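Results of the structural survey
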Amino acid sequence: MRRWHGLDEVPSDWGRSVVTIGVFDGVHRGHQRIVGRAAELARERGLRSVVITFDPHPDEVVRPGTHPPLLASTRRRVELLEELGTDAVIVLPFTLELSRMGPDEFVQSVLVDRLHASHVIVGEDFRFGHRARGDVALLKELGEKYDFTAEGAPLVANGGTISSTYVRSRLDEGDVESAAAALGRPHRVEGVVVRGHQRGRALGFPTANLETQPHMAIPADGVYAGWLLCDSDRYPGFRRPAAISIGTNPTFEGTERTVEAHALDRDDLDLYGEHMAVDFTARIRDTLKFNSVEALIEEMHRDIARTRELTTPDPLAP
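About the cut-offs
Residues numbered from 1 in each chain as written. Predicted model: local features only at pLDDT ≥ 70, side-chain atom pairs only at ≥ 80, totals over all residues. Heavy atoms only, no water. Helix = DSSP H or I, 4+ residues; strand = E, 2+ residues; numbered from the N terminus. Buried < 20%, exposed > 50% of the residue type's maximum accessible area, 1.4 Å probe, protein only. Contact = heavy atoms within 4.5 Å. Areas by Shrake-Rupley, 256 points an atom, 1.4 Å probe, with all protein chains shown as cover. Lys, Arg positive; Asp, Glu negative; His and termini not counted. Charge placed at Lys NZ, Arg CZ, Asp CG, Glu CD. Salt bridge = Lys/Arg side-chain N within 4 Å of Asp/Glu carboxyl O. Phe/Tyr/Trp six-rings, centres within 6.5 Å; stacked < 30°, edge-to-face > 60°. Lys NZ or Arg CZ within 6 Å of the ring centre and 35° of its normal. Core = buried A, V, L, I, M, F, W, Y, C linked by side-chain atoms within 4.5 Å. Pairing = 2+ DSSP bridges. Axes fitted to C-alpha atoms, helices over the stretch in contact; angles between N-to-C directions. Domains from an automatic or database assignment. Buried area = accessible area lost by both parts, 1.4 Å probe. Polar contact = N/O pair within 3.5 Å; in protein donor to acceptor, adjacent residues only side chain to side chain. Nonpolar A, V, L, I, M, F, W, Y, C, P; charged D, E, K, R; others polar.

Observations concerning the overall build of the protein chain
Counting its regular elements, the protein chain contains 10 helices and 14 strands. Considering only C-alpha atoms, the protein chain reaches an extent of 70 × 40 × 40 Å along its principal axes. Looking at the protein chain as a whole, 49% of its 318 residues are labelled buried. Considering only intrachain contacts with a sequence separation of at least 6, the fraction spanning at least 24 residues in the protein chain is 74%. Summed over all atoms, the accessible surface of the protein chain reaches about 15,500 Å², with 47% contributed by carbon and sulfur. Positive and negative side-chain charges in the protein chain, numbering 38 and 49 respectively, have mean positions lying 1 Å apart.

In structure tokens form, the structure reads like this:
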């Protein structure tokens, strides 16, 4: 698959293509259906499929400070889109200049001049152009002008409508299982492992303390079962069941919200500075304040036992 950052990286001899456009935050099941249809249609017509996505989130440019928590990093979005069989993904830098393009100018400069669109598939609520003046009906009109067809498709899967807003609402409630059902996979949070207070190690449960990427959607405070992942030179293909804690460590009067993961049966890891990820499988309990360290340790043993139950068998095991 080809990956382009901006229109300038599109080859000058790129032929006609089937294009789909959207932020695709989370690449949930509804997004997957649209992107999959574009890839299938391109194969049927002997063309190539292209997905256009944006970075940063358009709301961050148009209305700074109002954009929603992100369900996936740009890198993760591109990886997920690649898995859907598309031939190319273009990450279009969303700038003030781009936001001020009229619908006709956007279509001509992006879809026609650079990608030579033959057919365009978007979500049925798709908006584009300055002040979001363009909709699917206008896209179809412009398609007649510039020799491409267009359609708006519903973001549905298994008979129900799916939205990124719905996924965020489930994560806000700590309902990672419903979020995973809508995403088609566990929700993932990424970050670099940094040094914390090292209380977990002192208690016999060393944790990877993730400095999460800005604006990421973090599930509600609580303890979760899931997986700790890494694919660095030191830990290629690393994936272990993990008990994941989100919160401020109220037993120790903490104030900073952290995401910490304890890899089951591994106390030999040196993860500082590694880019890691955690996938959330199920919520175990709320974040609690314990009257003593001993009570906390007892509960942590129960958390680990429950995590082991919820991650056995490994769904990705051969």
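Once you've had a look at it, read on.
Quick notes on unusual backbone geometry
Put simply, Asp55 and Pro56 share a cis peptide bond, and its omega is 0 degrees. Mapped onto the elements of the fold, Pro56 is located in the loop between strand E3 (48-55) and helix H2 (58-62). Of the consecutive residues Thr312 and Pro313, the connecting peptide bond is found in the cis state with omega at 0 degrees. Topologically, Pro313 is positioned in the segment after helix H10 (293-310). Backbone geometry places His116, a non-glycine residue, at a positive phi of 50 degrees. For His215, which is not glycine, the phi torsion reads 70 degrees and is therefore positive. With respect to the helices, strands and loops of the structure, His215 is situated in the loop between strand E10 (208-212) and strand E11 (222-230).

A short note on the pattern of salt bridges
Overall, the coordinates contain 23 salt bridges when judged by the stated rule. For the salt bridge of Arg234 with Asp270, the shortest nitrogen-to-oxygen distance reads 3.4 Å. Of this pair, Arg234 sits in the loop between E11 and strand E12 (238-247) while Asp270 sits in the loop between strand E13 (258-263) and strand E14 (275-285); the two residues are 36 residues apart in sequence, bridging distant segments of the chain. Judged by relative accessible area, which is 44%, Arg234 ranks as partly exposed.

Here's the deal with the packing of aromatic side chains
With the rule as written, the count across this model stands at 6 aromatic pairs. Centroid distance Tyr235 to Phe238: 5.9 Å. Interplanar angle 70 degrees. Geometry classified as edge-to-face. Tyr235 gets classed as buried once you look at its relative accessible area, which sits at 15%. Linked through ring pairs, Phe106, Phe126 and Phe128 together constitute an aromatic cluster. The aromatic ring of Tyr272 is capped on one face by Arg195, whose charged end is 3.9 Å from the ring centroid. Here the guanidinium or amino end of Arg239 rests over the ring plane of Trp227, the centre of that ring lying 3.8 Å away.

Observations regarding the environment of Lys289
Turning to its location among the elements, Lys289 is positioned in the loop between E14 and H10. Assessed through its relative accessible area of 52%, Lys289 is described here as exposed. C-alpha separation for the pair Lys289 and Val18, spaced 271 residues apart in sequence, amounts to 54 Å.

Quick word on the nonpolar core
Formed by 34 residues in total, the largest nonpolar core has its most connected members in Leu228, Ile244, Leu271, Met276, Val278 and Phe280. For this core, the secondary structure elements donating two or more residues are helix H7 (164-172), helix H8 (176-183), strand E9 (188-194), E10, E11, E12, E13 and E14. If sequence neighbours within four positions are ignored, Phe280 has contacts with Val176, Pro186, His187, Val189, Pro219, Tyr224, Ala225, Gly226, Ile244 and Ile246.

Side note on the environment of Met216
As for its placement among the helices and strands, Met216 is situated in the loop between E10 and E11. Those residues within four positions of Met216 in sequence are excluded, and the remaining contacts are Pro69, Leu70, Leu71, Ala72, Ser73 and Arg188.

Overview of the sheet that holds E11
What the 6 strands build is a closed barrel, ordered E9-E10-E13-E12-E11-E14; its pairing is antiparallel. Neighbour-to-neighbour, the strand axes of the sheet open up by a mean angle of 45 degrees, direction not taken into account. The sheet contact formed by E9 and E14 spans 5 bridges and is antiparallel. By the bridge assignment, Val189 is partnered in E14 with Val278. Each of E11 and E14 is contacted by H8, which is oriented at about 125 degrees to E14, the strand it contacts most.

Remarks on the domain arrangement of the protein chain
If you check the domain split of the protein chain, you get domain 1 (2-153) and domain 2 (187-311). Computed over C-alpha atoms, the centres of domain 1 and domain 2 are 36 Å apart. Between domain 1 and domain 2, the contact holds 10 residues from the first and 8 residues from the second. Buried area between domain 1 and domain 2, summed over both chains or domains, comes out near 740 Å², and the portion from carbon and sulfur atoms is 49%. For the interface between domain 1 and domain 2, the tally reads 1 salt bridge. Between Glu190 and Arg75 there is a salt bridge, with the nearest N and O atoms lying 3.2 Å from each other. Counting every contact that joins domain 1 to domain 2 gives 5 residue pairs in polar contact (both at pLDDT 80 or more). When the residues that make up the side of domain 1 that touches domain 2 are grouped by side-chain class, the tally is 5 nonpolar, 2 polar and 3 charged.

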